[in-house]
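What follows is each chain in one-letter form.
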Amino acid sequence: MTLLEFARGPGMYWALIICVAGVVWRLSGILLLRWPTDHSEPRHTANWLGALVLIVKRSWPHREFLSRTAFGSTMSYVFHIGFLVVLLGFVPHILFIHGLTGLRWPGLPNGLIYATGAVTLAAMVVLLVRRITHPVLRLLSNFDDYFSWLVTAAPIVTGLLTAAHYGAPYQVLLGIHILTVEVFLIWLPFGKLMHMGLVFVSRATTGALFRRKGAAL
Amino acid sequence: MSHEPTIGELLKQRGVSRRAFLKFCAATASLMALPPSMAAQIAETLVKKRRPSVIYLSFQECTGCLESLSRSHQPRLETLLFDVISLDYDDTLQAAAGSAAERARDEAMRANYGKYILMIDGSVPSGAGGAYCTAAGKSALDSVREAAKGAAAIVCVGTCSSFGGIPYARPNPTGAMPISEIVHDRPIINVSGCPPIPAVITGTLVQFLTLGKIPQLDALHRPVAFYGTTIHDRCYRRPFYDRGKFARTFDDEGARRGWCLYELGCKGPTTYNACATVKWNDGTSFPIQSGHGCFGCAEPNFWDNGDFYSPLSTATGGWNVGATLGGAAGAGLVIGAVAAAESRRRRKKTTEDKTS
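Residues numbered from 1 in each chain as written. Chains lettered and ligands numbered in written order. Predicted model: local features only at pLDDT ≥ 70, side-chain atom pairs only at ≥ 80, totals over all residues. Heavy atoms only, no water.

**Student:** Kindly report on the overall build of chain B, identifying the contributing residues and their values.
**Tutor:** Helix and strand counts for chain B stand at 15 helices and 9 strands. A compact globule built from 356 residues would reach a C-alpha radius of gyration of about 21 Å, whereas chain B, at 27 Å, exceeds it by more than 25%. Seen through its principal axes, chain B has C-alpha atoms that stretch 115 × 50 × 35 Å. Taken across its 356 residues, chain B has 49% of its residues classed as buried. For chain B, the exposed surface amounts to about 16,700 Å²; the carbon and sulfur share of it is 54%. (Helix = DSSP H or I, 4+ residues; strand = E, 2+ residues; numbered from the N terminus. Rg over C-alpha atoms; globule rule 2.2 N^0.38 Å. Buried < 20%, exposed > 50% of the residue type's maximum accessible area, 1.4 Å probe, protein only. Areas by Shrake-Rupley, 256 points an atom, 1.4 Å probe, with all protein chains shown as cover.)

See below:
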């Protein structure tokens, strides 16, 4: 069995099983916890509105800290949006998702995808350098942060190398690229990458609670 | 001792003009992507050489490779057979049969021991003691081992002899093996393809004769001159791939406009061959040009590498996605529920401990 055969076959099969089972475990483990009974009289009833408002508002830097957080936030946005464009705009990726879910949408020209991939990677490198050089960020960082960065950057690097057909035969590069995606999928539920789902859960919970208590959002 | 004529002397005897011979050399240089100025050098090298003896053995195959070789246009097969090589044994092409043919082969092998080129098409069955393929009471496995001993080089013609091919595909009922798994002490040149491009077969032979040594090979022992780039890299539909324009069915607007066939399962990106440049039928066309995606037939295990009509980026294995991932989600839900229940129990116990 070649590397590409393994990556497209059993590798992808087990990576998806681990990813789906892990994500559902993490989410259900939190959502099925018993919420403490709140005996106070609610100030508002439509708590879902508070949940939505906080999800949106917390996605932007707070005005008071703007000067200090603008650079990090901008780079984070560049990286996250770039990652999504590459993930959801490249036709081979769309075909992969289509094969699993039956869903599809129009793709973007490859040139745009390659350029976005390069910008995304550059933003990630900047964020890593900032994490390493910033005294507070460095203290706050642990293995999870660096490993999550690595497994996120690896598919972009290998994807660009595959597109450029650089360093090895194409099927080897493609096999390595798919394997790095599988490592990403396997690590997703168990590390900080899970923030891609939990960020909405935590903000929505806080927003709903604030709304109920009548706190300013 | 009889004088064995050189290729130059032979051409002179046959009345082949220098102009015709130079034309052949120019075509060969072009095939090998060499500058036209190299044609004269090829001609000079070839005329001084003696025609090498070639033994051609066929095993588990469909004769498609030989059919392909017989349709070679540049260099033409008859040019190759009569002017450049001495085909001393080929049970499909030769007039002799039975013990006469076997005798001819044994004599040629004895007379040219250590110097002949062994060409093989078809994989070799190893199951049932090699009984699935025998000729003159000798198994294919024994024939290969015996013929390989005195060969200067082995040229595997087609994917079956190069990588096992279709007989090697799961479940491989005959225990088919490629030549590289049987012979380990002789240089092997794989000219893969199902079948290989005729000009690539003849071009490889001429390249070997001209250079006088094994040409530069890739990791799979294929001549880099012909297998150096992927079909995708040289495909005339590549600009459509780059622009994200794909045919989704074989008769939609995209297919009619000649857009990329990646979505229809084309294996061009992972297949190294000269189809997109040398093409078939004297440079007329190749599968992608006629509207069908590449099968990847020049690569190992092409028959088992997933659905021919599924894009390369999709998962293989034919598993039921809904049931499998639904089951995984269910398992995750059970684990999550158990974890949450345990957390509730601990919290309750902590509260009780605090209040008591």
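From this point, the discussion proceeds with the structure in view.
**Student:** So what's going on with helix H3 (residues 38-48) of chain B? Residues and values would help.
**Tutor:** Buried within H3(B) we find Ala39(B), Ile42(B), Ala43(B) and Leu46(B). Down the axis of H3(B), the buried side of the element spans an arc of 100°, and every buried residue falls inside it. (Arc of directions from axis to C-beta.)

**Student:** Could you give an account of the interface of chain B and chain A, naming the residues involved and the relevant values?
**Tutor:** Facing 41 residues of chain B, the contacting portion of chain A comprises 37 residues. Taken together, both faces of the contact between chain B and chain A bury some 3,400 Å²; the carbon and sulfur share is 59%. Counting the contacts that link chain B with chain A gives 1 salt bridge. In this structure, the salt-bridge partner of Glu263(B) is Arg104(A), at a minimum N-O distance of 3.0 Å. At the junction of chain B with chain A, the criterion picks out 15 residue pairs in polar contact (both at pLDDT 80 or more). (Contact = heavy atoms within 4.5 Å. Buried area = accessible area lost by both parts, 1.4 Å probe. Salt bridge = Lys/Arg side-chain N within 4 Å of Asp/Glu carboxyl O. Polar contact = N/O pair within 3.5 Å; in protein donor to acceptor, adjacent residues only side chain to side chain.)

**Student:** Pulling in residues and values, what's your account of unusual backbone geometry?
**Tutor:** Residue and element names in this part refer to chain B. With an omega dihedral of 5°, the bond running from Arg170 to Pro171 counts as a cis peptide bond. With respect to the secondary-structure elements, Pro171 resides in the loop between helix H9 (165-168) and strand S8 (176-177). Positive phi values are uncommon outside glycine, yet Ala128 reaches one of about 50°. Among the structural elements, Ala128 can be located in the loop between strand S4 (124-125) and strand S5 (134-135). What makes Ala128 exposed here is its relative accessible area of 56%.

**Student:** Would you mind going over the layout of surface pockets in detail, with residue names and values included?
**Tutor:** A volume near 690 Å³ is recorded for the second largest pocket. Forming the walls of the second largest pocket are 34 residues, and the residues nearest its centre are Thr2(A), Leu4(A), Gln171(A), Pro300(B) and Asn305(B). Mapped onto the lining of the second largest pocket, the elements with two or more residues apiece are helix H1 (3-31) and helix H8 (170-187) of chain A. Per-element tally for the lining of the second largest pocket: the top contributor is H1(A), with 6 residues. Of the residues that constitute the lining of the second largest pocket, the class distribution is 15 nonpolar, 11 polar and 8 charged. (1 Å grid on protein atoms, 1.4 Å probe; cavity = no way out; pocket = protein on both sides within 12 Å on 5 of 7 lines; lining within 4 Å. Points joined across faces, edges and corners; volume = space filled by probe spheres on them. Nonpolar A, V, L, I, M, F, W, Y, C, P; charged D, E, K, R; others polar.)

**Student:** I'd love a proper account of the nonpolar core, names of residues and values included.
**Tutor:** One finds Cys25(B), Leu46(B), Ile117(B), Met119(B), Val155(B), Phe286(B) and Ile288(B) to be the most contacted residues of the largest nonpolar core, which totals 86 residues. With 8 residues, the top contributor of residues to this core is H1(A). Excluding residues that lie within four positions of it along the chain, Val155(B) makes contacts with Ile117(B), Leu118(B), Met119(B), Ile120(B), Ile189(B), Val191(B) and Leu205(B). If you look at the next biggest cluster of nonpolar residues, it comprises 25 residues, including Ala108(B), Val124(B), Ala148(B) and Ile188(B). (Core = buried A, V, L, I, M, F, W, Y, C linked by side-chain atoms within 4.5 Å.)

**Student:** Any details on the pattern of salt bridges? Residues and values, ideally.
**Tutor:** Considering all chains together, one arrives at 16 salt bridges over all chains under this definition. The partner of Glu102(B) in a salt bridge is Arg105(B), with the nearest N and O atoms 3.2 Å apart. Highlighted residues: Glu102(B) and Arg105(B), both in helix H6 (residues 98-111), separated by 3 residues, approximately one helical turn. Note on accessibility: Glu102(B) and Arg105(B) belong to one class, buried. Via salt bridges that share partners, Arg131(A), Asp145(A) and Lys192(A) belong to a single interconnected network.

**Student:** Any details on helix H10 (residues 198-211) of chain B? Residues and values, ideally.
**Tutor:** Residue and element names in this part refer to chain B. The first and last C-alpha atoms of H10 sit 20 Å apart over 14 residues, in line with the 20 Å expected at 1.5 Å per residue. Here H10 lies mainly inside the structure; 13 of its 14 residues are buried. Once H10 finishes, Gly212 follows within two positions and takes phi at roughly 75°, a positive value. (Expected span 1.5 Å × (residues − 1).)

**Student:** How would you sum up the environment of Ile156(A)? Please name residues and give values.
**Tutor:** Residue and element names in this part refer to chain A. With respect to the helices and strands, the residue Ile156 is situated in helix H7 (residues 143-164). Between the C-alpha atoms of Ile156 and Phe83, which are 73 residues apart in sequence, the distance is 8.3 Å. Residues contacting Ile156, with those up to four places away along its chain left out, are Phe83, Gly117, Thr120, Leu121 and Met124.

**Student:** How would you summarise the side chain of Thr158(A) if you had to cite specific residues and measurements?
**Tutor:** Residue and element names in this part refer to chain A. For Thr158, the position within the fold is in helix H7. Judged by its relative accessible area of 11%, Thr158 falls in the buried class. A polar atom in the side chain of Thr158 sits 3.0 Å from the side chain of His177. For Thr158, the side chain forms a polar contact with the side chain of Thr180, separated by 3.2 Å.

Function cannot be inferred from these measures alone, as they are strictly geometric.
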